[in-house]
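# A look at the structure
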Amino acid sequence: MKYDDRPLQKYAADAAIWLLLLSLPWWIGHVGGYMQLGTQVVVMALAATALNFLLGYTGVLSFGHAAYFGLGVYGTGLIIKYIVPSTLAGMAVGVLAAVAAAAIIGLLIVHLRGIYFAMVTIAFGQVFYFIAFRWNNVTGGDDGLSDWSRQPIDFGFAKLDILHSPVLFYYFVLFFFAVSVAIMAWLLRSPFGRTLLAIRENERRARFLGLPVDRHIWLSWLISCTFVGLAGTLYALLNDFADPHTLYWEQSGVFVIMAVLGGMRSFWGPLIGAAVYVVLQDYVSSMTQNWMSFIGLFFVLVVLFFPRGVLGIVRRRAAS
Amino acid sequence: MSLLQVENVTKRFGNLVAVNGVSMTVEPGELRAVIGPNGAGKTTFFNLISGFAMPTAGRIVFDGEDVTKLTPNQRVWRGMARTFQITEVFPELTVYENLQIAVEVAAGYRLRMRMSQQEKNDVHARTIELLEMSRLTAKASRLVGELSHGDQRANEIMMALALKPRLLLLDEPTAGMGDQETYDITQLIRKLHRDQKLSMVLIEHDMRVVFHLADRIMVLAEGNMLAEGTPKEIAADEAVQTAYLGKEAA
């Protein structure tokens, strides 16, 4: 007897998603999009999937993930602009900054639950925003950090010119997305991943199975923030710019909206949510300044009528 | 040596004395029932044993070690597992997954990123064994939240059992159940007690269950120990009859 067999449709869905992502440069132009938009979807999808590792699979809501996203953004920008013009060095420092901050802040807050946890994540997040906002001569303050750009990557035997080729840069981003998503999926299918599900499902039972719940939440938080930080570094490279709004708590809300919109109980939900959000934003904002109210309305409708998100609808259709 | 010694434990909530200087000794292999009217302090007494609450005074010794100050999960690691009056399970996971998680945690795999094929097979075999013991095999791939109350309780007991406890604490295992479900759970408890020589302490409301199952019974009333003895002795005890069984006996 076996109970852990994944149904065939799941493999088919995985294959379809990867095929769409890999072939994106060929079709995005034909559906009215452009390369940069496609790249932005993948970057945001990584951030939303990382947030959902914590939200959907551990049951912990963070409203402060912008802090670690923004640390990735600024870490990358500051290194490339001031220290060394190397894309990979910038990314490494960006991710390390996010990990270090998340590790320390996590220790201070993992004993909190629910709304208290969410509030404290916002508060800590805002600290980083104000530092970036006020420290004019280093971070560029309100204007952001500009006058730098991602650099071609020289492997010695070959040069990856991600600066001048948007398509190459897209595949560069997709590579990191694929590796990150694969690691998260693999973790969730491990005994460790199942302890996170256990905590989401019933913390008291998890505790009385002998699990040190706070420590596991801390690990999940750290993993989540690491990949959000990585998404931040890619976002900085995409725009060749570090924007203080990437640290603002509104950005944290956007990640949560993406995850919930797409369906936080499905692994691919945040990707769908990110695609819907980014495309809608791009499309509606070209017509009206008030694009946020349209997205807000859409979000409210989804939550009211389809609490399991876009993928939840698809699944229900498939089941009936 | 006794498995569990509770020595003079007291629990106060402000001015309310929920448990007042109660002592109890449980021998290995014993099935002990704790009974008493509503508000007698049974659940509080239970929470003190399992570490869910800390006593105001007194001492709890488990297997020769003072565990009074240990957290619930430290007590779990030492071999104490419990179930709750309101079933605590993982409702949106399947029966199989519920037990699988308990088995993996018990095996010390909680931080594992991967398992060898041998380890996977062992976890699977142990999970199947627990499923069969609880007669939940046919429902293995159902979500626990969709099961009947009795099946959820059976699932919870098996999760506790997956930890290979030396002492199993059951808080009102048949609460809110119909006759058939009560019978099934009673049979399960009896089987564990008889076949595995598992030591258990259970709180129970249903007198049929208690007198049927228990080796010894302790009666609590208003936080105090009223009587202790075999089911026969308790049934004959006059103080118990007036305080508790009175209405039923009359």
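## A few points about the overall build of chain A
- Counting secondary structure elements, chain A contains 15 helices and two strands.
- Against the compact-globule benchmark of 20 Å for 320 residues, chain A has a radius of gyration of 19 Å, which places it among compact chains.
- The dimensions of chain A, computed from C-alpha atoms along their principal axes, are 55 × 50 × 45 Å.
- In chain A, which comprises 320 residues, the share counted as buried stands at 47%.
- If you take every contact in chain A between residues at least 6 apart in sequence, the share linking residues at least 24 apart comes to 73%.

## Some points on the sheet that holds strand E5 (residues 65-66) of chain B
Residues and elements named next belong to chain B.
- Here we have four strands laid out as an open sheet, ordered E2-E1-E4-E5, and antiparallel in their pairing. Edge positions in the open sheet fall to strand E2 (16-26) and E5, since each of these has one partner strand only.
- One ladder, built from five bridges, connects strand E1 (residues 4-13) with strand E4 (residues 57-62); its direction is antiparallel. The residue bridging Val6 from the neighbouring strand is Ile60, located in E4.
- Each of E1, E2 and E4 is contacted by helix H1 (residues 42-50), which is oriented at about 60° to E2, the strand it contacts most.

## Details of the sheet that holds strand E7 (residues 167-171) of chain B
Residues and elements named next belong to chain B.
- An order of E6-E7-E8-E3-E9-E10 is seen for the six strands of this open sheet, with the pairing classed as mixed. At either end of the open sheet lies a strand with only one pairing partner, and these are strand E6 (80-83) and strand E10 (224-229). Neighbouring strand axes in the sheet, compared pairwise and without regard to direction, differ in orientation by 15° on average.
- Sheet topology places E7 next to strand E8 (residues 199-203); five bridges connect them, and they run parallel. Of the residues in E8, the one forming a bridge with Asp171 is Ile203.

## As for the interface of chain B and chain A
- At the interface, 29 residues of chain B touch 20 residues of chain A.
- Those elements that place two or more of their residues in the side of chain B that touches chain A are helix H2 (72-77) and helix H3 (95-106) of chain B.
- It is H3 of chain B that provides the largest number of residues to the side of chain B that touches chain A, a total of five residues.

## Considerations on the confidence of the model for chain A
- For chain A, mean pLDDT is 90; residues scoring 70 or higher make up 97% of the total.
- Mean pLDDT in chain A bottoms out at helix H15 (residues 309-319) of chain A, which sits at 71, and peaks at helix H11 (residues 213-239) of chain A, which reaches 97.

## Points about helix H3 (residues 35-58) of chain A
Residue and element names in this part refer to chain A.
- If you check H3, its first and last C-alpha atoms are 34 Å apart, about what 24 residues at 1.5 Å a residue would give, namely 34 Å.
- The axis of H3 is deflected most strongly, by about 40°, at Asn52.
- Extensive coverage of H3 is indicated by the burial of 21 of its 24 residues.
- After H3 finishes, the residue Gly59 shows a positive phi value of roughly 75°.

## Considering the nonpolar core
Residues and elements named next belong to chain A.
- The biggest cluster of nonpolar side chains holds 168 residues, and the ones touching the most others in it are Ala47 and Ala231.
- Take this core: its biggest share by element is 14 residues, from H3.
- Excluding residues that lie within four positions of it along the chain, Ala47 makes contacts with Phe69, Val228, Ala231 and Phe255.

The rules behind each value
Residues numbered from 1 in each chain as written. Chains lettered and ligands numbered in written order. Predicted model: local features only at pLDDT ≥ 70, side-chain atom pairs only at ≥ 80, totals over all residues. Helix = DSSP H or I, 4+ residues; strand = E, 2+ residues; numbered from the N terminus. Rg over C-alpha atoms; globule rule 2.2 N^0.38 Å. Buried ≥ 20, exposed ≤ 12 C-beta atoms within 10 Å, placed from the backbone. Contact = placed C-beta atoms within 7 Å. Pairing = 2+ DSSP bridges. Axes fitted to C-alpha atoms, helices over the stretch in contact; angles between N-to-C directions. pLDDT = per-residue confidence, 0-100. Expected span 1.5 Å × (residues − 1). Bend = angle between axes of the 7 residues up to and from the residue. Core = buried A, V, L, I, M, F, W, Y, C linked by C-beta atoms within 7 Å.

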